[in-house]
There are 2 protein chains.
Amino acid sequence: MTDISAQDFHDALVAHKLIIPVGVPGAFGRGPVFEDVLRRFGDLVTEAAKNDTAEHMLFPPVIARRVFEKSDYLESFPQLAGTIFSFMGNDTQHREMMNCVHEGKPWGQYQQMTDVVLAPAACYPIYPQLTGTLPENGRLVDVQNWVFRHEPSPEPTRMQSFRIREMVRAGRPEQVADWRDMWLERGLSLLRRLGLPAEPETASDPFFGRGGRMLAANQRMQKLKFEVLVPVLSTAKQTAVCSFNYHQDHFGLLFDIKTADGQVAHTACLGFGLERVTMALFRHHGYVPAEWPAEVRKVLWP
Amino acid sequence: MTDISAQDFHDALVAHKLIIPVGVPGAFGRGPVFEDVLRRFGDLVTEAAKNDTAEHMLFPPVIARRVFEKSDYLESFPQLAGTIFSFMGNDTQHREMMNCVHEGKPWGQYQQMTDVVLAPAACYPIYPQLTGTLPENGRLVDVQNWVFRHEPSPEPTRMQSFRIREMVRAGRPEQVADWRDMWLERGLSLLRRLGLPAEPETASDPFFGRGGRMLAANQRMQKLKFEVLVPVLSTAKQTAVCSFNYHQDHFGLLFDIKTADGQVAHTACLGFGLERVTMALFRHHGYVPAEWPAEVRKVLWP
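Residues numbered from 1 in each chain as written. Chains lettered and ligands numbered in written order. Predicted model: local features only at pLDDT ≥ 70, side-chain atom pairs only at ≥ 80, totals over all residues. Heavy atoms only, no water.

- Chain A carries the name Amino acid--[acyl-carrier-protein] ligase in an unreviewed UniProt entry, which gives Pyxidicoccus parkwayensis as its organism.

If you want it as structure tokens, here you go:
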């Protein structure tokens with residue numbers, strides 16, 4: 001695969017009506033062919049997970065601010081979080097705000113914080129659902145939600161708003177680690193069957209600020225985060241299409257989740273970046289699915 | 001149908017794992033049975049529309065702030081709009097913000113407005129896509145997006161975040177009016193086949209402030225908005241499950257949309273509130289789909 005610039009990849013996706021520009025980076029629309037591939041990849045994940053007896057849930061793109069404040073997200077990634085504001089004033093303030101809007105002046109001062117924020121990851125609404133004592137085998141939850149990251153970028157794979165298919169496992173440490181290891185294999189196998197040269201790598205999150213570098217180093221050293229990488233724009237700087245986080249007892253303590261034998265539960269999550277997997281497929285096999293290799297088509301259109 | 005209180009309806013939906021409380025009103029999760037019914041209703045809409053040759057698109061829950069500012073939404077419904085803020089400060093400001101978060105003090109002053117806002121209706125990202133000259137038959141776009149309304153409420157049918165299946169027709173006035181009239185019939189027939197006593201009604205939007213009452217009266221007088229109502233909580237105060245708006249040349253002028261013969265295009269949209277239709281089905285036929293009337297099951301599970 002030869003490298004491609006972010007702009008050229010973006011333009012090719014647009015030219016083939018796979019994505020639809022909307023005048024702001026990372027918030028583009030998706031065309032029907034893009035959606036068909038994305039949905040079919042999701043079906044393959046469902047198929048791979050069919051014997052796991054996961055509980056299925058779906059959450060809206062917004063979550064309770066209180067839950068968000070309780071998590072460490074704002075501590076670690078304040079620059080990525082999106083909070084939701086609204087107008088709570090009277091007629092006079094409304095007129096003032098509209099004058100600012102019409103004159104192209106800032107109008108944020110007329111907006112107040114609401115009780116909801118944008119979900120920063122698909123798993124955040126799940127942990128509060130696990131509060132209490134888990135059954136002997138722990139619990140496994142499977143969701144697909146829209147998430148928000150404030151990182152506007154011309155690179156199509158770096159979106160402000162996108163979908164993650166995410167699973168959360170809660171239980172005893174060995175239950176959680178075994179599940180994570182099993183899915184790392186499954187994820188690799190699934191992506192490779194689709195003709196993507198997927199490789200796992202120890203990873204770290206983009207922690208904010210001066211203290212962030214130490215947190216990231218610590219996360220790498222403890223091997224708490226793995227990513228599955230696929231070259232999309234470039235072979236040298238690959239794109240994470242799947243991410244595994246082992247939280248140890250972090251969410252168990254925060255949301256009071258206990259194992260059947262009364263210990264603080266461990267949790268781990270895995271998330272497939274559905275748009276990223278879809279873009280990787282278009283990049284590797286071409287922008288017209290009818291022309292993809294037969295062995296890939298057979299998997300997606302059985 | 002006997003009336004039910006908002007709280008009792010909420011509790012019944014929760015007891016049957018159809019919705020999942022998250023600690024803030026109108027942002028609840030959805031269980032798998034709820035999602036199955038919702039998806040199947042969407043399939044019926046697709047089936048009804050299959051010969052219309054609509055263009056399918058999908059947009060994320062966020063849209064460009066510039067597009068939003070250009071529309072009249074903030075003028076008419078400032079109280080419902082959700083804007084997205086984020087942290088753009090340094091290490092010191094981050095520490096100050098986190099102190100406020102940990103002490104339960106307001107921290108909105110550390111957040112700044114971004115270039116994206118929450119989509120207030122599923123059709124907003126469509127209009128900028130129609131800029132230019134339409135083909136002879138106009139255009140028809142079909143989307144399904146998450147939308148946000150800042151109206152926290154204990155009533156399950158009044159959500160902050162929900163999905164609308166929406167279609168936009170652009171063309172000459174008679175093309176648009178004919179399409180709207182056809183779908184009003186189709187929508188009624190679709191809902192009645194599902195055993196819902198759906199009735200159309202001239203309606204108006206919840207315009208803000210002192211001037212709002214006049215705008216609403218005007219909208220009613222000109223019959224620019226229709227809703228399809230179904231009793232959900234109460235027979236006296238029914239719930240809109242489908243809404244038709246005729247915008248005349250409003251969006252044509254704003255987004256420079258022209259008909260093939262060079263006139264300003266007219267537009268209309270229709271939206272099914274997917275969660276509301278789903279809730280209406282549970283309310284009318286019971287909380288367990290296996291026990292629904294055979295003639296309704298036959299339509300949804302063919």
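## Some words on the packing of helix H2 (residues 32–48) of chain B against helix H6 (residues 173–193) of chain B
When two helices pack together, their arrangement is captured by the angle between the axes and the distance separating the axes.
All names here are of chain B.
So, step 1. Put simply, H2 and H6 touch, their axes get as near as 11 Å, and they point 140° apart. Viewed along their axes, H2 and H6 adopt a mutual orientation that is oblique. The handedness of the crossing between H2 and H6 is right-handed. Judged by residue contacts, Phe 41, Leu 44, Val 45 and Ala 48 of H2 engage Trp 183, Arg 186, Leu 190 and Leu 191 from H6. (Axes fitted to C-alpha atoms, helices over the stretch in contact; angles between N-to-C directions. Helix = DSSP H or I, 4+ residues; strand = E, 2+ residues; numbered from the N terminus. Parallel < 35°, antiparallel > 145°, perpendicular 65-115°, else oblique. Left-handed = near helix turned anticlockwise from the far one by under 90°. Contact = heavy atoms within 4.5 Å.)

## Here we look at the domain arrangement of chain A
All names here are of chain A.
So, step 1. Each assigned domain of chain A is listed with its residue range as follows: domain 1 (6–82 + 120–300) and domain 2 (83–118).
So, step 2. One C-alpha centre belongs to domain 1, the other to domain 2, and the line joining them spans 33 Å.
So, step 3. The interface is formed by ten residues belonging to domain 1 together with eight residues belonging to domain 2.
So, step 4. Summed over both partners, the interface of domain 1 with domain 2 comes to about 860 Å²; 62% of that surface belongs to carbon and sulfur atoms.
So, step 5. When the area that domain 1 buries against domain 2 is broken down by residue, the three leading residues are Val 62, Arg 65 and Gly 82, summing to 58%.
So, step 6. Here domain 1 and domain 2 share four residue pairs in polar contact (both at pLDDT 80 or more) between them.
So, step 7. Looking at the side of domain 1 that touches domain 2, the elements that each hand over two or more residues are strand S4 (62–64) and helix H3 (65–70).
So, step 8. Element by element, the count of residues in the side of domain 1 that touches domain 2 is highest for S4, at three residues.
So, step 9. Looking at the side of domain 1 that touches domain 2 residue by residue, the class counts come to eight nonpolar, one polar and one charged. (Domains from an automatic or database assignment. Buried area = accessible area lost by both parts, 1.4 Å probe. Polar contact = N/O pair within 3.5 Å; in protein donor to acceptor, adjacent residues only side chain to side chain. Nonpolar A, V, L, I, M, F, W, Y, C, P; charged D, E, K, R; others polar.)

## A look at the pattern of salt bridges
A side chain with one charge may pair with a side chain of the opposite charge, provided their charged atoms come close.
So, step 1. Per the stated rule, a full pass over the model turns up 42 salt bridges over all chains.
So, step 2. In this structure, A:Arg192 and A:Glu199 form a salt bridge, with 3.5 Å as the shortest nitrogen-oxygen distance.
So, step 3. Residue B:Arg165 is joined to B:Asp142 by a salt bridge in which the shortest nitrogen-to-oxygen separation is 2.8 Å. Of the two residues, B:Arg165 sits in strand S9 (residues 161–171) while B:Asp142 sits in strand S8 (residues 139–148), which places them 23 residues apart along the sequence. For the pair B:Arg165 and B:Asp142, one class covers both residues: buried. (Salt bridge = Lys/Arg side-chain N within 4 Å of Asp/Glu carboxyl O. Buried < 20%, exposed > 50% of the residue type's maximum accessible area, 1.4 Å probe, protein only.)

## Some thoughts on the UniProt feature "domain: Aminoacyl-transfer RNA synthetases class-II family profile" (unreviewed entry) in chain A
So, step 1. Taking the UniProt record as the reference, the feature "domain: Aminoacyl-transfer RNA synthetases class-II family profile" (unreviewed entry) is found at residues 147–302 of chain A.
So, step 2. Across residues 147–302 of chain A one finds 35% helix and 28% strand; the C-alpha atoms that close the span lie 30 Å apart. (UniProt positions renumbered as here; feature names shortened; annotations may be inferred.)

## Regarding the relation of the copies chain A and chain B
So, step 1. Superposition of chain A onto chain B requires a rotation of 180° combined with a translation of 0.0 Å along the rotation axis, giving an RMSD of 0.0 Å. Classification of the inter-copy transformation places it as that of a two-fold axis. Considering only C-alpha atoms, the residue of chain A closest to the rotation axis is A:Ile84, which sits at 2.4 Å.
So, step 2. By residue overlap, the copies meet face to face through one surface: 100% of the interface positions of chain A are interface positions in chain B. (Least-squares fit on C-alpha atoms with pLDDT ≥ 70 in both.)

## Describing the packing of aromatic side chains
Residues and elements named next belong to chain B.
So, step 1. A full pass over the atoms with the stated rule returns 29 aromatic pairs over all chains.
So, step 2. Centroid distance Phe 41 to Phe 272: 5.4 Å. Interplanar angle 75°. Geometry classified as edge-to-face. One end of the pair, Phe 41, is in helix H2; the other, Phe 272, is in strand S14 (residues 266–273), and 231 residues separate them in sequence. Residue Phe 41 shares its accessibility class with Phe 272, and that shared class is buried. (Phe/Tyr/Trp six-rings, centres within 6.5 Å; stacked < 30°, edge-to-face > 60°.)

## Quick word on the interface of chain A and chain B
So, step 1. On the chain B side, the residues contacting the 61 residues of chain A number 61 residues.
So, step 2. Interface of chain A and chain B: buried area, both sides summed, is about 5,000 Å²; carbon and sulfur atoms make up 68% of it.
So, step 3. For the interface between chain A and chain B, the tally reads two salt bridges.
So, step 4. B:Asp91 is the salt-bridge partner of A:Arg210, the closest N and O atoms lying 3.3 Å from each other.
So, step 5. Remark: the boundary between chain A and chain B carries 20 residue pairs in polar contact (both at pLDDT 80 or more).

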